Amino acid sequence: MNALILAGSTGDEKLPEKALIKIKGRYMISYVIDALRGSGKVEKIAVIGDKEKLKCIDGIDILIEQGSSIIENVVKGIEPFKNDRRVLILTCDIPMLTKEAVIDFIEQSESYNADLCYPIVKREDNERKFPDAKRTYAKIKEGTFTGGNIFYLNPKIIDACIEAAKQFIAFRKKPWKLGQLLGFKILILFAFGRVTISQLERKVSELFNINAKAVISKYPEIGNDVDKDEDVEMANKYIA
């Protein structure tokens, strides 16, 4: 399969141009590329961002000039792979990503035959591997989870899902906002930690008119993104 790495920057982020931040002497995006290549599961890698600044990065097959928003970048970035059965979409700011995490996520996702798969990681798994990581967690019936930064996606659903996707991406790190988007019943169940994974899957599937599945990953590297200076320090600490 093929993969799209989102490496765009508006300049308004706490850490602008994250793809080019140096960690252990290497560009952050290079670690993500290495994990994809090392998995043996990815053929072509497209990157969308500032083409002039990113042309120094090795391992990119297709380099695409960024748009003005995440959604625009997804739409533009997926274009070379629009006829693929499924595509991976991930961010450039998960330098601790490993080939094992990529393999596990792809293989689990392939078993579901879903339009969209999204990884979730148990809090205890994340804190065991990265005890000093500060993550946003959501408590549900099956446990307490944090989300990942990679999607397994049917590119044919993109056009029909743009508006709902804008809201979903905006609320990705705000569990209560996501609850409001998903409806009153889900919000109440969520408030008491009683909503189930299957209920969330059904609601997201209804919202996007697709078949969506949550994938429980045992690899917390899949979601520990670098958003601020202390995250850069943590990445430098854990990357060998």
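Reading guide: rules and limits
Residues numbered from 1 in each chain as written. Predicted model: local features only at pLDDT ≥ 70, side-chain atom pairs only at ≥ 80, totals over all residues. Heavy atoms only, no water. Helix = DSSP H or I, 4+ residues; strand = E, 2+ residues; numbered from the N terminus. Rg over C-alpha atoms; globule rule 2.2 N^0.38 Å. Buried < 20%, exposed > 50% of the residue type's maximum accessible area, 1.4 Å probe, protein only. Contact = heavy atoms within 4.5 Å. Lys, Arg positive; Asp, Glu negative; His and termini not counted. Charge placed at Lys NZ, Arg CZ, Asp CG, Glu CD. Patch = residues over 30% accessible without salt bridge, like charges linked within 9 Å, V, L, I, M, F, W, Y side chains within 5 Å. Areas by Shrake-Rupley, 256 points an atom, 1.4 Å probe, with all protein chains shown as cover. Salt bridge = Lys/Arg side-chain N within 4 Å of Asp/Glu carboxyl O. Arc of directions from axis to C-beta. Core = buried A, V, L, I, M, F, W, Y, C linked by side-chain atoms within 4.5 Å. UniProt positions renumbered as here; feature names shortened; annotations may be inferred. Polar contact = N/O pair within 3.5 Å; in protein donor to acceptor, adjacent residues only side chain to side chain. Pairing = 2+ DSSP bridges. Disulfide = S-S within 2.5 Å.

1. Considering the overall build of the protein
And then number 1: Tallying secondary structure elements over the protein gives 10 helices and 11 strands in all.
And then number 2: For the protein, whose C-alpha radius of gyration is 17 Å, the value lies close to the compact-globule estimate of 18 Å for 240 residues.
And then number 3: Along the longest, intermediate and shortest principal axes, the C-alpha atoms of the protein span 50 × 40 × 35 Å.
And then number 4: Across the 240 residues that make up the protein, the buried fraction comes to 52%.
And then number 5: Of the contacts made within the protein by residues no fewer than 6 positions apart, 72% connect residues no fewer than 24 positions apart.
And then number 6: For the protein, the distance from the average site of its 38 positive side-chain charges to the average site of its 35 negative ones is 5 Å.

2. As for a nonpolar patch on the surface
And then number 1: The grouping of Phe 184, Ile 188 and Phe 192 at the surface amounts to a nonpolar patch, some 380 Å² of accessible area in total.
And then number 2: Structurally, Ile 188 can be placed in helix 8 (residues 184–191).
And then number 3: What makes Ile 188 partly exposed here is its relative accessible area of 36%.

3. Notes on the pattern of salt bridges
And then number 1: Going through the model one piece at a time under the given rule, you end up with 16 salt bridges.
And then number 2: The salt bridge involving Lys 18 is made with Asp 93; its shortest N-O contact spans 2.6 Å. Separated by 75 residues along the polypeptide, Lys 18 in the loop between strand 1 (2–7) and strand 2 (22–23) and Asp 93 in the loop between strand 6 (87–91) and helix 4 (99–112) bring together distant segments of the chain. Across this residue pair, the class does not change: Lys 18 and Asp 93 are buried.
And then number 3: Look at the salt bridges and you will find they share partners, linking Lys 18, Asp 93 and Asp 227 into a network.

4. A closer look at helix 10 (residues 229–238)
And then number 1: All buried positions along helix 10 are accounted for by Asp 231, Val 232, Met 234 and Ala 235. Looking straight down helix 10, one finds that the buried residues subtend no more than 160 degrees of arc, so they occupy a single side. Of the exposed residues in helix 10, the ones pointing more than 90 degrees away from its buried face are Asp 229, Glu 233 and Lys 237.
And then number 2: Residues of helix 10 that are buried in the fold lie against strand 2.

5. Section: the nonpolar core
And then number 1: Ile 89, Phe 208 and Ile 210 are the most contacted members of the largest nonpolar core, which has 33 residues in total.
And then number 2: Not counting residues within four places of it along the chain, the set of residues in contact with Ile 89 comprises Leu 4, Leu 6, Val 74, Ile 78, Asn 149, Ile 150, Phe 151 and Leu 153.
And then number 3: Listed in part, the 32 residues of the second largest apolar core include Ile 5, Val 47, Leu 88 and Ile 150.

6. Describing the side chain of Ser 217
And then number 1: Secondary-structure assignment places Ser 217 in the loop between strand 11 (212–216) and helix 10.
And then number 2: Exposure remark for Ser 217: the relative accessible area of 0% places this residue in the buried category.
And then number 3: When residues no more than four places from it in sequence are discounted, the contact partners of Ser 217 are Asp 104, Gln 108, Pro 119, Ile 120, Val 121 and Ile 222.

7. As for the UniProt feature "domain: MobA-like NTP transferase" (unreviewed entry) in the protein
And then number 1: Following the UniProt record, the feature "domain: MobA-like NTP transferase" (unreviewed entry) maps to residues 3–125 here.
And then number 2: What you have in residues 3–125 is 34% helix and 24% strand, and the ends, taken at the C-alpha atoms, are 26 Å apart.

8. Considerations on the side chain of Arg 135
And then number 1: Among the structural elements, Arg 135 can be located in the loop between helix 5 (123–129) and strand 8 (138–140).
And then number 2: Residue classification places Arg 135 among the buried residues on the basis of a relative accessible area of 18%.
And then number 3: At 2.6 Å, the side chain of Arg 135 forms a polar contact with the backbone oxygen of Gly 223.
And then number 4: Separated by 2.8 Å, the side chains of Arg 135 and Asp 225 make a polar contact.

9. Let's talk about the pairing of strand 9 (residues 143–147)
And then number 1: Here strand 9 lies mainly inside the structure; 4 of its 5 residues are buried.
And then number 2: Alignment of strand 8 against strand 9, held across 3 bridges, turns out to be antiparallel. Bridging from a neighbouring strand, Lys 139 pairs with Thr 144 of strand 9.
And then number 3: The hairpin turn running from strand 8 into strand 9, its antiparallel successor, is 2 residues long.

10. Comments concerning the state of the cysteines
And then number 1: Applying the stated rule across the entire model yields 0 disulfides.
And then number 2: Looking at Cys 56, it has no disulfide partner, and the nearest cysteine sulfur is the one in Cys 92, 13 Å off.
And then number 3: A relative accessible area of 41% places Cys 56 in the partly exposed class.
And then number 4: In this model Cys 117 remains outside any disulfide bridge; the closest cysteine sulfur is found in Cys 161, 14 Å from its own.

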